[in-house]
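# Working through the structure, step by step
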Amino acid sequence: MARVSADTSDAELVYSLRAGQQEALRILYERYSGLVYTLALKILNQPGEAEDLTQEVFLNFWQQEKFDPDRAALSTYLSVMTRSRAINKLESRSSRQRSLQRLQQNKVLGESTPPTPLEQASLTEQEETLRQALSQLADNQRKILEMNFYQGISQAEIAQQLGMPLGTVKTNARKGLIKLRELLGDAVG
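The shown structure was predicted, so the numbers you read here are calculated from the model rather than taken from an experiment. Just so you know, the residues in each chain are numbered from 1, in the order the chain's sequence is written. It should be noted that, the model being predicted, local features are given only for residues of pLDDT at least 70 and side-chain atom pairs only at 80 or more, the latter also being counted only at that level, while totals for whole chains, interfaces and linings use all residues. Think of the side-chain values as coming from all heavy atoms in the structure, minus any hydrogens and water.

## Quick look at the side chain of Thr-82
Only runs of H or I of at least four residues qualify as helices and only runs of E of at least two qualify as strands under DSSP, and these elements are numbered from the N terminus. Looking at the element boundaries, Thr-82 is found in helix 4 (residues 74-112). Contacts are assigned to residue pairs that have any heavy atoms within 4.5 Å of one another. In contact with Thr-82, other than residues within four places in its own chain, are Val-36, Leu-39, Ala-40, Leu-53 and Val-57.

And the structure:
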């Protein structure tokens with residue numbers, strides 16, 4: 001197996017990486033992480049999220065092996081992957097903000113107009129369904145989601161309070177939400 005170096009072509013580095021040479025990934029990361037980070041930052045406008053996305057893109061590139069160096073330039077492939085994932089993150093962020101706004105609106109409306117007995121029964125039933133679903137999550141996922149949604153604590157603050165890396169908090173939150181979605185289905189609006 002030929003030794004890779006900083007002047008090795010992208011195609012050779014990709015083939016070397018697939019042959020098990022981890023050094024090839026380091027060289028590709030050094031070569032293209034600036035491009036990926038800059039694009040992610042331009043779209044997300046948050047340095048922490050851009051850093052996380054940069055690592056996610058390279059991890060996915062390493063694990064998936066979908067790229068064919070004979071068909072496209074690596075810079076193009078990484079740019080398209082970064083753009084797609086960054087837009088997905090923006091949409092997810094927007095969806096979370098809409099959900100929080102709906103919750104806040106419901107809270108404000110609830111304060112000005114007391115719910116009817118039927119609405120109260122429905123809310124109580126939804127809360128119980130949510131509590132049961134939360135109890136089925138792993139402890140760390142449940143704790144992170146409760147801190148985030150019930151106490152309004154940001155993921156960065158949760159990471160600091162729990163002494164966990166921010167990426168771990170984000171991963172646990174994402175896995176917890178996916179599991180909740182599976183458990184709840186259409187049960188809660």
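## Points about the confidence of the model for the chain
Known as pLDDT, the predictor's confidence for each residue is given on a scale from 0 to 100. Looking at the chain, the pLDDT average stands at 84 and 88% of residues meet or exceed 70. At the level of individual helices and strands, the chain shows its lowest average pLDDT in helix 4, which scores 77, and its highest in helix 2 (residues 22-44), which scores 93.

## Considering the packing of aromatic side chains
Two rings from Phe, Tyr or Trp (for Trp, the six-membered ring) form a pair when their centres sit within 6.5 Å of each other. Planes less than 30 degrees apart are called stacked, planes more than 60 degrees apart edge-to-face, and all others tilted. Counting across every chain of the model gives four aromatic pairs. Seen from their ring centres, Tyr-29 and Phe-58 are 4.8 Å apart, and the 65° between their planes marks the pair as edge-to-face. Here the residue Tyr-29 occupies a position in helix 2, and Phe-58 occupies one in helix 3 (residues 47-64), the gap between them amounting to 29 residues. Under the scheme applied here, a residue whose accessible area is under 20% of the maximum for its type counts as buried, over 50% as exposed, and between as partly exposed, the area being computed with a 1.4 Å probe on protein chains only. Relative accessible area serves as the criterion here: at 33%, Tyr-29 is assigned to the partly exposed category. Assessed through its relative accessible area of 4%, Phe-58 is described here as buried. Ring centres of Phe-61 and Phe-67 lie 6.2 Å apart, and the angle between their planes is 55°; this geometry places the pair in the tilted category.

## Re the nonpolar core
Leu-28, Phe-61, Leu-74 and Leu-78 are the most contacted members of the largest nonpolar core, which totals 22 residues. Secondary structure elements with two or more residues in this core: helix 1 (10-18), helix 2, helix 3 and helix 4. Per element, the largest residue contribution to this core is eight residues, and it comes from helix 2. If we ignore the near neighbours within four places in the chain, the residues touching Leu-78 are Tyr-32, Val-36, Val-57, Phe-58 and Phe-61. In this text, buried Ala, Val, Leu, Ile, Met, Phe, Trp, Tyr and Cys residues form a nonpolar core when linked through side-chain atoms within 4.5 Å. Ranked by size, the runner-up nonpolar core spans 13 residues in total, among them Ala-133, Leu-134, Leu-145 and Leu-184.

## As for the pattern of salt bridges
By definition, a salt bridge exists where a carboxyl oxygen of Asp or Glu is found within 4 Å of a side-chain nitrogen of Lys or Arg. Across all of its chains, the model carries nine salt bridges by this definition. Here Glu-23 makes a salt bridge to Arg-26, at a shortest N to O gap of 2.2 Å. One end of the pair is Glu-23 and the other is Arg-26, both in helix 2 and three residues apart, which spans about a single turn. Residue Glu-23 is classed as partly exposed on the basis of its relative accessible area of 31%. We classify Arg-26 as partly exposed; its relative accessible area is 38%.

## Structural notes on the environment of Asp-70
Relative to the helices and strands, Asp-70 is located in the loop between helix 3 and helix 4. With 59 residues separating them along the chain, Asp-70 and Ala-11 place their C-alpha atoms 7.4 Å apart. Within polar-contact distance, the side chain of Asp-70 engages the side chain of Tyr-15 at 2.9 Å. Counted as a polar contact is a pair of N or O atoms within 3.5 Å, where, for protein atoms, one must be capable of donating a hydrogen and the other of accepting one, and residues adjacent in sequence contribute only when both atoms are in side chains.

## Looking at the environment of Glu-56
Note that Glu-56 resides in helix 3. Judged by relative accessible area, Glu-56 falls into the partly exposed class, the value being 26%. Spatially, the C-alpha atoms of Glu-56 and Arg-85 are 9.1 Å apart, while their sequence positions differ by 29 residues. What Glu-56 contacts, discounting residues up to four positions off in sequence, is Arg-85 and Lys-89.

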